[in-house]
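# Coordinates in review
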Amino acid sequence: MKLLENGAVLDGFAIDECMHSGGMAHIYRVSYAQGGHDPGFALAMKVPRMASGDGAENIVSFEVECHILQVLTGRYVPRFVAAGDLQRVPYLVMEYVRGRTLQHWLDLPGALPSPVIVRLACAMAHAAHALHQQNTVHLDLKPANVLFRDVPQPEGSNPQTSFGDAVLLDFGLSHHAHYPDLLAEQLRKAVGSPGWISPEQVVGVRGDPRSDIFAIGVMLYQMCTGRLPFGTPNTPAGLRQRLWVDPVPPRKHRPDLPEWLQEVALRCLEPEAAKRYPSAAHLAFDLSHPEQVHVTARGTNTQATPFSTHFKRWIKAAGMHYQPSPMPAEQIAVVPIVLVAIPYQDASDATLYSLRQAVARSLGSRPGARLACVTVIPSSLSSTTVEARSETHLHRRYLAQLHQWAQPLDHPGHQTSCHVIESGDVAQALLDYAVGNHVNVIVMGAATHGLKMQRFIATVPIKVAMDAPCTVILVKQALPFEQLGANDQDPD
Amino acid sequence: MKLALLSDVHSNLHALDACLAHARAQGAQQLAFLGDLVGYGAQPREVLDRIMQLAFEGAAVVRGNHDQLALTPPDTVQAMGDVTAAWTHQQLSSTQRAWLAQLPLTQQLDAVLLVHASVNDPARWRYVSDVRAATDSLDAAQQWPLVRYVFGGHVHAQTLYYRGAQGALMPFQPKSGVAIPVPRHRQWLATVGSVGQPRDGNPQAMYALIDLAAAHLTFHRVHYDHQAAAQSIRQAGLPEFFAQRLEIGR
């Protein structure tokens, strides 16, 4: 399609300047023509290049984007406004989001400080998770397709370190589990961008949310080292390399990089999807709790993987072929993030035992589930003057208590972390934690936190159960203490 | 225009009424019956009364193999359907039989082609249960240049076939209640499932609804009183197997 002229009107939209001319489409700033209502946000129109000679794939991917953008919601995607008839005049009008793409930070001179890297990556993980929860996998995440919302700049602040949520753009290669995949074909071939495409996409697998985690891993690697972990191969054989090759550890390029951050980046880049984070929420969790990351040789290593290892994997990868993926939302649900609230004091052995049983059940049998053990202590407990009640001292004490409680649950397939939170409002602290970390299940004692008062005031378990964004399991204490004849328990 | 697609009612009045009510609530303006109105179930007369009235009001109806079977029941029982064919034949009035006999094998409504089994030689009742059979059916529909959508039943399963990036058909398992974009510049073939005898382990009735203006196709599963439907099969003295099959949806 030829360039639209400034001032032209198309289906009620007044065309303003052309903001971007890409290989696939032109992006214009537009507004409703006279008489149109004000949507309350700026508008952008995407018009695909569909002149003769343009690939059919271009048209199909535009069709895919139209279908998918129409059903996506939330602040991590541009709002859909209108779509033109594909046969007549194809266009897509959406919210114009003010912000900078990740490319902006990659283009800055000098190495990015790791705290900025972590915040950018964490924002991307949150956005990807929100997408996966809507049964959609992006499959083309790369620096040009991730925008960080502008936020008001406080006086004297560094514009490079102040940015808002990540917004994902360009759903032309995306996969929605409830729609027929128009980009799938019988002779499966790689669909994606060479620098960021995941190994499973290379063999034609479309629809695995862990493919997006791989792409975030590539961007994390880029931010850390300024290089692409697998380059930009342009042959099928070159693309296939990432099925068995480990990238050079980022710390070889940048020794000052924290080991935990390399651990996180390389876990995202594991050739086998099953060895990556099971969901973007798990990735966001690690990025926001560096002290809880279990650093392995993957994090400490500064040497490239030996040829013999790559050779063995090469043999294995030769057999890798297309397999259908389960629904993203279902896939996320089988590897839950489970939060267990442990009372900081006065919990009976029976309560602690029952909580542990309930947690073990909730974690399920699939590897990859994560357990966050949380104790909320009142702010009034700590003291700045008394050494034994200093904040660090208290935290250490309650952390040790949590670790002790969680120890029998230790399982190689699960990850466990412990957190002490200070707050005057226990229920709100638990709810905030659950929302911030995409918790799937909250396990807490029904009798703890004041059941006897329940008839008169909303107790902590009731408030959490009512307001939680996820399933809440209220545990009542049970066996084996009843069988032992202990009668001194709460009558619940 | 919203068109409800109902197939394989199989004399199940309870399921039919539930689907009709559901379709009306969804705003269906037109109805299409894709054959096998009778056979297996206990209420062929009532079902045909209902559908003949709807046809009089404008519903499209095509004939299925069980409708054929009820017209000319075989002397010896060779297949499952043969058991109830003779019984169904006796139940029907001569008017109902005459009406069944005049039903076409295919019918075109604008961009939609209705057929019970396959467009490729419809009287052979081929099962469209894989990509190959679906391709044959869709290819045979090319003789109607306007047709973009081919809808059939017969296989008692809900599947949407669409053209992938290379033009070959690909199967897709729809999720009930999700409006799937089915733009007109592509060709689509769907088996809409069975209203009166689901066989996928879920006793809920199946049908589909296409919104031709918005180009959205939605597959539905509808709860109905399958215990009552099974009970009427027992009361009619038909084989217990057909009653149980409704209860477990197999």
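Only a predicted model underlies this, so the values are computations on that prediction, with no experimental measurement involved.

## Here we look at the overall build of chain A
Looking only at helices and strands, one finds 16 helices and 16 strands in chain A. Residue pairs at least 24 apart in sequence account for 70% of intrachain contacts in chain A once pairs closer than 6 positions are excluded.

## Digging into the packing of helix α7 (residues 226–235) of chain B against helix α8 (residues 240–248) of chain B
Residues and elements named next belong to chain B. Where α7 meets α8, the axes come as close as 8 Å, and the angle between the chain directions of the two elements is 180°. It follows that α7 is roughly antiparallel to α8 by the angle criterion. Judged by residue contacts, His-226, Gln-227, Ala-229, Ala-230, Ile-233 and Arg-234 of α7 engage Glu-240, Phe-242, Ala-243, Leu-246 and Glu-247 from α8. Partitioning the contact of α7 with α8 into residue classes produces six nonpolar, two polar and three charged.

## Brief notes about the interface of chain B and chain A
Contact with chain B, which involves 14 residues of that partner, is made by 14 residues of chain A. Contributions of two or more residues to the side of chain B that touches chain A are made by β7 (158–163), β8 (169–172) and β9 (179–181) of chain B. The residue inventory of the side of chain B that touches chain A, partitioned by class, reads 10 nonpolar, three polar and one charged.

## A few points about the sheet that holds strand β15 (residues 441–445) of chain A
All names here are of chain A. Here we have five strands laid out as an open sheet, ordered β14-β13-β12-β15-β16, and parallel in their pairing. Two strands in the sheet have a free side with no partner beyond their single neighbour: β14 (415–422) and β16 (471–475). Neighbour-to-neighbour, the strand axes of this sheet turn through a mean angle of 20°, independent of strand direction. Here strand β13 (residues 370–377) pairs with β14 via eight bridges, running parallel. Within the sheet, the bridge partner assigned to Val-374 lies in β14 and is His-419. Across the sheet, helix α13 (residues 349–363) is in contact with β12 (337–341), β13, β15 and β16; its angle to β15 comes to roughly 165°.

## A look at unusual backbone geometry
All names here are of chain B. A positive phi angle is found at His-10, which is not glycine, with a value near 50°. As for its placement among the helices and strands, His-10 is situated in the loop between β1 (2–6) and α1 (13–25). With a phi close to 55°, Ala-215 is a non-glycine residue in the positive phi region. Checked against the element boundaries, Ala-215 lands in the loop between β11 (205–211) and β12 (216–222). Exposure remark for Ala-215: the 20 C-beta atoms within 10 Å place this residue in the buried category.

## Examining the pairing of β12 of chain B
All names here are of chain B. Direction of pairing for β9 relative to β12: antiparallel, over a ladder of three bridges. The residue bridging Ala-179 from the neighbouring strand is Thr-218, located in β12. Alignment of β11 against β12, held across seven bridges, turns out to be antiparallel. Within the sheet, the bridge partner assigned to Ile-210 lies in β12 and is Leu-217. In textbook terms, the turn of a hairpin is the stretch between consecutive antiparallel strands, and for β11 and β12 this stretch comprises four residues, one of which, Ala-215, has a positive phi near 55°.

## Quick look at the pairing of strand β4 (residues 106–109) of chain B
All names here are of chain B. Pairing of β4 with strand β5 (residues 112–115) involves four bridges; the strand directions are antiparallel. Residue pairing for β5: Gln-108 is matched across the bridge by Leu-113. In textbook terms, the turn of a hairpin is the stretch between consecutive antiparallel strands, and for β4 and β5 this stretch comprises two residues, one of which, Asp-110, has a positive phi near 55°.

## Points about the sheet that holds β9 of chain B
Residues and elements named next belong to chain B. The mixed open sheet is built from six strands, whose spatial order is β3-β2-β1-β11-β12-β9. The open sheet terminates on both sides in strands that have one partner only, identified here as β3 (60–61) and β9. Sheet analysis places β1 next to strand β2 (residues 30–33), joined by four bridges and oriented parallel. Paired with Leu-3 across the two strands is Gln-30, which belongs to β2.

## As for the confidence of the model for chain B
For chain B, the mean per-residue pLDDT works out to 95, and 100% of the residues sit at or above 70. Note on the complex model: pTM 0.87, ipTM 0.90.

## Details of the nonpolar core
Counting 117 residues, the largest nonpolar core has Met-124, Ile-216 and Ile-442 of chain A as its most contacted members. In terms of residues, this core owes the most to one element, helix α3 (residues 114–133) of chain A, which gives 11 residues. With residues up to four places along the chain from it excluded, the contact list for Ile-216 of chain A reads Ala-121, Met-124, Ala-125, Ala-128, Leu-141, Cys-268 and Leu-283 of chain A. Ile-51, Tyr-149, Leu-169 and Tyr-207 of chain B belong to the second largest nonpolar core, which has 74 residues in total.

## Points about the domain arrangement of chain A
Residue and element names in this part refer to chain A. Segmenting chain A into domains produces domain 1 (9–95), domain 2 (99–151 + 160–327) and domain 3 (334–475). Placing a centre on the C-alpha atoms of domain 1 and another on those of domain 2 gives a separation of 28 Å. Contact residues are listed per partner, giving 16 residues for domain 1 and 19 residues for domain 2. Residue composition of the side of domain 1 that touches domain 2, by class: 10 nonpolar, three polar and three charged.

Thresholds applied
Residues numbered from 1 in each chain as written. Chains lettered and ligands numbered in written order. Predicted model: local features only at pLDDT ≥ 70, side-chain atom pairs only at ≥ 80, totals over all residues. Helix = DSSP H or I, 4+ residues; strand = E, 2+ residues; numbered from the N terminus. Contact = placed C-beta atoms within 7 Å. Axes fitted to C-alpha atoms, helices over the stretch in contact; angles between N-to-C directions. Parallel < 35°, antiparallel > 145°, perpendicular 65-115°, else oblique. Nonpolar A, V, L, I, M, F, W, Y, C, P; charged D, E, K, R; others polar. Pairing = 2+ DSSP bridges. Buried ≥ 20, exposed ≤ 12 C-beta atoms within 10 Å, placed from the backbone. pLDDT = per-residue confidence, 0-100. Core = buried A, V, L, I, M, F, W, Y, C linked by C-beta atoms within 7 Å. Domains from an automatic or database assignment.

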